[in-house]
Amino acid sequence: MPIIVRLDVMLATRKMKSKDLAARIGISEQNLSLLKSGKVRGVRFETLAAICRELDCQPGDILEFEDET
Amino acid sequence: MTELGKRDTLKNVRRISTFLYWICALAILFEITTVPLVIYAPGWVEASTSQMTISVADVQALQGWQKIATLAVMMIPSFVIAYGIYRLRKMFGAFANNIIFNTEAIGHFKAFGIALIIQTLISPLTGAASSALATFNRPEGERFISIGLGNSDIHTLFLGGLIIVIAWVLGEAVRIEDENRSFV
């Protein structure tokens, strides 16, 4: 998958635990863990907006495109 | 619908499914035992000959391999529909265990529809084969092949097709649900 999730980097930068973020945006820790490891097929705009709001960042800070070719 | 209402509906689904799970078990038993009982226990089970291509008396009068072979051929549609009901039973079992929107459960429903169609399509063939087997030893001119296809067969075919289409649509819905679940 050429889309890389940089959520762990953002969490470290903001010194926030996954558990806290999951509670604040209203998703399970398990789902947040799957998102962090890029093991999901997609992210809802609603979830992305909530993450950006809590981490005070832009979607581009969390998601990155890396061309595999 | 409120959360309480949803829980009640699910409870009812589980209760009715458990009931139908056991009804299916009885239906399987009925399908497998009816033909042998009609033939081997005369008088105990009264059979309607309207669905049979040969008379019960004719089959009862047969001896040896002819009787066994006729019975075996007559049993083929029963075994096919018994398998269909067995799959339907598995579906109700899954519903009773709260496994409702699941590919496997939908697969059982589809298998039942297919079994219904196969049973309806092979019934005239097995009917013809059993009539041929039953009259095999008769003198020339008295042997016959009887093929029966009724209005109810057309209805059953339609119902089987309908079940397959519904199962197909439900399968698509399950796929979409799976896709939605993989989104966070």
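Residues numbered from 1 in each chain as written. Chains lettered and ligands numbered in written order. Predicted model: local features only at pLDDT ≥ 70, side-chain atom pairs only at ≥ 80, totals over all residues.

Draft legend 1. The packing of helix 2 (residues 18-25) of chain A against helix 4 (residues 45-55) of chain A, seen in detail. All names here are of chain A. Running from amino to carboxyl end, helix 2 crosses helix 4 at an angle of 120°, the nearest separation of the two axes being 10 Å. Between helix 2 and helix 4, the angle is such that the two are oblique. In this structure, helix 2 meets helix 4 at a crossing whose hand is right-handed. Together, L21, R24 and I25 of helix 2 and T47, A50, I51 and E54 of helix 4 make up the contact between the two elements. The residue makeup of the contact of helix 2 with helix 4, split by class, is four nonpolar, one polar and two charged. (Axes fitted to C-alpha atoms, helices over the stretch in contact; angles between N-to-C directions. Helix = DSSP H or I, 4+ residues; strand = E, 2+ residues; numbered from the N terminus. Parallel < 35°, antiparallel > 145°, perpendicular 65-115°, else oblique. Left-handed = near helix turned anticlockwise from the far one by under 90°. Contact = placed C-beta atoms within 7 Å. Nonpolar A, V, L, I, M, F, W, Y, C, P; charged D, E, K, R; others polar.)

Draft legend 2. Fine view of the environment of P2 of chain A. Residue and element names in this part refer to chain A. Tracing the chain through its elements places P2 in the segment before strand 1 (3-5). Take P2: there are 9 C-beta atoms within 10 Å of it, and that puts it in the exposed class. In sequence terms P2 and F65 are 63 residues apart; their C-alpha atoms lie 5.6 Å from each other. When near neighbours in sequence (up to four residues on either side) are disregarded, P2 contacts F65, E66, D67 and E68. (Buried ≥ 20, exposed ≤ 12 C-beta atoms within 10 Å, placed from the backbone.)

Draft legend 3. Seen up close, the packing of helix 4 (residues 103-134) of chain B against helix 5 (residues 151-181) of chain B. Residues and elements named next belong to chain B. Two elements in contact, helix 4 and helix 5, have axes separated by 8 Å at closest approach and are oriented at 160°. With respect to each other, helix 4 and helix 5 are oriented roughly antiparallel. The interaxial crossing formed by helix 4 with helix 5 has left-handed handedness. Facing T103, I106, F109, K110, F112, G113, I114, L116, I117 and T120 of helix 4, the residues of helix 5 in contact are D153, T156, L157, L159, G160, G161, I163, I164, A167, L170, G171 and V174. Split by residue class, the contact of helix 4 with helix 5 holds 13 nonpolar, seven polar and two charged.

Draft legend 4. A look at unusual backbone geometry. Residue and element names in this part refer to chain A. Residue K15 is not a glycine yet carries a positive backbone phi of 55°. Residue position: K15 is located in the loop between helix 1 (7-13) and helix 2. C-beta crowding within 10 Å serves as the criterion here: with 6 such atoms nearby, K15 is assigned to the exposed category.

Draft legend 5. Up close: helix 3 (residues 64-96) of chain B. Residues and elements named next belong to chain B. Taking 1.5 Å of rise per residue, 33 residues should cover 48 Å, and helix 3 covers 45 Å from first to last C-alpha, within 8% of that figure. Helix geometry: helix 3 is bent most strongly at I76, by close to 35°, with proline P77 lying one to four residues after it. Count one or two residues on from helix 3 and you reach N98, which has phi positive near 70°. (Expected span 1.5 Å × (residues − 1). Bend = angle between axes of the 7 residues up to and from the residue.)

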